[in-house]
Amino acid sequence: MKLRPEEITSILKERIEHFEVETDLSEVGTVLQVGDGIARIYGLENAVALEMLELEHGVVGLAFNLEEDNVGAALFGEWEHVKEGEPVKRTGRVASVPVGDALLGRVVDPLGRPLDGVGPIETSETRPLEFKAPGVVDRQPVKEPLQTGIKAIDSMTNVGRGQRELILGDRSTGKTAIVVDTILNQHDQNVVCIYVAIGQKASTVAQVYERLRDAGAMEYTVIVTAPANEAAPIKWMAPYAGCAMGEHVMFNGGHALVMFDDLSKHADAYRQMSLLLRRPPGREAFPGDVFYLHSRLLERACKLSDDFEPVGGGSLTALPIIETQAGDVAAYIPTNVISITDGQIYLEADLFFSGVRPAIDVGRSVSRVGSSAQTKAMKKVAGRLRLDLSQYRELEAFAQFGSELDTTTQNALARGERMVATLNQPQYDPWPMEEQVVALYAGINGYLDDVPVDQISRFQDELREYMKTEKSILGEIRDTGDLPDELAEKLNAAIEKFKDTFSVKEEAPVAA
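Rules and cut-offs
Residues numbered from 1 in each chain as written. Predicted model: local features only at pLDDT ≥ 70, side-chain atom pairs only at ≥ 80, totals over all residues. Heavy atoms only, no water. Axes fitted to C-alpha atoms, helices over the stretch in contact; angles between N-to-C directions. Helix = DSSP H or I, 4+ residues; strand = E, 2+ residues; numbered from the N terminus. Parallel < 35°, antiparallel > 145°, perpendicular 65-115°, else oblique. Left-handed = near helix turned anticlockwise from the far one by under 90°. Contact = heavy atoms within 4.5 Å. Pairing = 2+ DSSP bridges. Phe/Tyr/Trp six-rings, centres within 6.5 Å; stacked < 30°, edge-to-face > 60°. Buried < 20%, exposed > 50% of the residue type's maximum accessible area, 1.4 Å probe, protein only. Lys NZ or Arg CZ within 6 Å of the ring centre and 35° of its normal. Expected span 1.5 Å × (residues − 1). 1 Å grid on protein atoms, 1.4 Å probe; cavity = no way out; pocket = protein on both sides within 12 Å on 5 of 7 lines; lining within 4 Å. Points joined across faces, edges and corners; volume = space filled by probe spheres on them. Nonpolar A, V, L, I, M, F, W, Y, C, P; charged D, E, K, R; others polar. Core = buried A, V, L, I, M, F, W, Y, C linked by side-chain atoms within 4.5 Å. Polar contact = N/O pair within 3.5 Å; in protein donor to acceptor, adjacent residues only side chain to side chain.

Draft legend 1. Inspection of the packing of helix α11 (residues 385–399) against helix α12 (residues 407–423) at higher detail. Between α11 and α12, whose axes approach to 9 Å, the crossing angle comes to 120 degrees. Classed by the angle they form, the pair α11 and α12 counts as oblique. Pair α11 / α12 crosses with left-handed handedness. Between α11, through L385, L389, Y392, R393, L395, E396 and A399, and α12, the contact on the second element is made entirely by T409, A412, L413, G416, E417, M419, V420 and L423.

Given below as structure tokens:
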């Protein structure tokens, strides 16, 4: 066998041309200082904001402060093991969380790690924590209702798909109960729900989970929890993680509802992080960008235009919760979030303790979307409801000082009492839209005027059951979303027929 030099030369040339050296260049810094879940790192001049950093002992850092000679990073994991002088490596990836259908029915932390002991979450899709909100051109007006199943909300402070509606009130006034009822009411509504618990007790989150699981609502729900015993960075991350999961649904043409319970604790966690990072404090020691903290989060909730590429028509609805102190809605964080959102539902402690549930203060609650996100049927029956209830509250206060009231005032007070009783609703019992319309129709058209106030609830429950036998009326209201005159006449006849069978029960005397 004879070797030909030109053949060997050509092979060598080809090998040299295609020779590649695989090099792994990574920027490495050094921990200068560590403590309270915060590290200062030297040598990462090219790090970007919110970039993930790898530290020893499996700890992950998030670059927050990009200063002239060091990077301030928040640490996730067992940061107590990190020591000064240890290396820190850039990953080149910004903070992101897993998203997708695999998360439905699961309880996860803000990093997407399962907390329910059911097993790993099988999904390869991720979304960045922070994402620029869609612009004005990519949005469309909020005009499609998102039914909460709560009569007082759907009639007066209604929520539309793509809206941001704030729920605020003192501690233990029923804020979480409203969002749980709203989740329960999304059954068969094709809405994915994401409940974000920030700084809540683990036992409280477990109760919410069990309630949703027992009702079959976990099939379309994700719970993201950052418990009270977690570090501040995890609590800061939680609402952004929940929002990213909801955005995944919205950008794929679906409808998502994300609830933040609550943003007061979120602001407190951010204040703690900012002070540890040596950022200058402002009012109430909050950093100067605490408004931007919540505005960039809530602006991501919207109704996408039908022409949005690649898939249009999706929506992300946000229900943030704020806890007030002694009813002070003029405090720093409540006023901030009120100015960002499209309306607020204010829960009054005095109403709550007087037995009005949900304890919605009609005067201070508003939906800035208005009736554009209501069905025609609901518009017709709820048009004067807000005004009538506001007048009732004023007359109620006035009537305490005067003994002799004219007939008109007495009638207005009697009607108001009955409408308040009609809007009362037990927890975990959301009503479909068509049943709400019938209940409100009966109240505003005087069918309750001769029913004792203490029996209004029984009247409405029995009327609800009776109307279920008259399926054609409820079915037509549900299918068309309207209440034309012919249907209203049928409804009048049905209510009158029911009223003939309704018997007022005598109250048993109370023993002395």
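Draft legend 2. Summary view of the sheet that holds strand β16 (residues 366–367). On the basis of which strands lie adjacent, the open sheet formed by 8 strands has the order β8-β12-β11-β13-β14-β10-β15-β16 and mixed pairing. Looking at the sheet topology across the chains shown, the edges are occupied by β8 (107–108) and β16. Each of β8, β11 (191–198) and β12 (221–226) touches helix α4 (residues 202–214); the most contacted strand, β12, lies at about 175 degrees to it. Those strands touched by helix α8 (residues 332–340) are β10 (166–169), β14 (315–323) and β15 (343–347), and its axis lies near 155 degrees from that of β10.

Draft legend 3. The packing of aromatic side chains, seen in detail. All told, the structure shown has 10 aromatic pairs when counted by the stated rule. Where F459 meets F498, the ring centres are 5.2 Å apart and the plane angle is 70 degrees; that geometry is what we call edge-to-face. Here F498 lies in helix α16 (residues 485–501) and F459 lies in helix α14 (residues 456–469), a separation of 39 residues in the sequence. You can call F459 buried: its relative accessible area is 0%. F498 gets classed as buried once you look at its relative accessible area, which sits at 3%. Every member of this aromatic cluster is reached through a ring pair, and the members are F459, Y466, F498 and F502. Note that R357 overlies the ring of F352, its terminal NZ or CZ placed 3.8 Å from the centroid. Its end group placed over the ring of W431, R464 keeps NZ or CZ at 4.3 Å from the ring centre.

Draft legend 4. View of helix α6 (residues 263–276). Here α6 spans 20 Å end to end across 14 residues, near enough to the 20 Å set by a 1.5 Å rise per residue. Those residues of α6 lying buried are L263, S264, H266, A267, A269, Y270, M273 and S274. Trailing α6 by a residue or two, R278 shows a phi angle of about 65 degrees, which is positive.

Draft legend 5. Summary view of empty space enclosed by the protein. Tallied over the full model, the rule gives 3 cavities of 30 Å³ or more. Roughly 80 Å³ of volume is contained in the largest cavity. Counting only elements with at least two residues in the lining of the largest cavity, the list comes to β11 and α5 (232–250). Element by element, the count of residues in the lining of the largest cavity is highest for α5, at 3 residues. When grouped by side-chain class, the residues that make up the lining of the largest cavity number 8 nonpolar, 2 polar and 1 charged. Reported here for the second largest cavity is a volume of approximately 60 Å³. Residues that form the lining of the second largest cavity fall into these classes: 6 nonpolar, 4 polar and 1 charged.

Draft legend 6. Broad picture of the side chain of T182. Looking at the element boundaries, T182 is found in helix α3 (residues 175–184). Using a relative accessible area of 0% as the deciding quantity, one classes T182 as buried. Leaving out residues up to four positions away in the same chain, T182 has contacts with L146, T148, L257 and L319.

Draft legend 7. Layout of the layout of surface pockets. There is about 830 Å³ of room inside the largest pocket. Put simply, the parts of the chain that give the lining of the largest pocket at least two residues each are α3, α4 and β14. It is α3 that contributes the most residues to the lining of the largest pocket, 6 residues altogether. Taken together, the residues of the lining of the largest pocket sort by class into 11 nonpolar, 9 polar and 10 charged. A volume near 440 Å³ is recorded for the second largest pocket. Forming the boundary of the second largest pocket are 24 residues, of which N185, Q186, H187, Q189 and P432 lie nearest the centre. Counting only elements with at least two residues in the lining of the second largest pocket, the list comes to α4 and α13 (433–444). Classifying every residue of the lining of the second largest pocket by side-chain character gives 12 nonpolar, 5 polar and 7 charged.

Draft legend 8. Representation of the packing of α6 against helix α7 (residues 290–298) in the model. The interhelical angle for the contact between α6 and α7, taken along N-to-C directions, is 130 degrees, at an axis separation of 10 Å. Comparing the axis directions of α6 and α7 gives the class oblique. For the crossing formed where α6 meets α7, the hand is right-handed. Between α6 and α7, the residues in contact are L263, H266, A267 and Y270 and V290, L293, H294, L297 and L298, respectively. Within the contact of α6 with α7, the residues separate by chemical class into 7 nonpolar, 2 polar and no charged.

Draft legend 9. Geometry of the nonpolar core. Core analysis: the largest hydrophobic core is formed by 74 residues, its most contacted members being L212, M467, I477 and L483. Those residues in contact with M467 that lie beyond four places of it in its chain are V438, I473, L474, L491 and A494. The next biggest cluster of nonpolar side chains, apart from the first, holds 63 residues, and it includes A95, I121, Y240 and F286.

Draft legend 10. Here's a closer look at the side chain of Q163. Along the chain, Q163 turns up in the loop between α2 (151–156) and β10. Within the structure, Q163 has its side chain in polar contact with the backbone oxygen of D342 (distance 3.3 Å). Within polar-contact distance, the side chain of Q163 engages the side chain of S367 at 3.1 Å. For Q163, the residues in contact, after removing those within four places along its chain, are V142, N158, T317, A318, D342, S367, R368 and V369.

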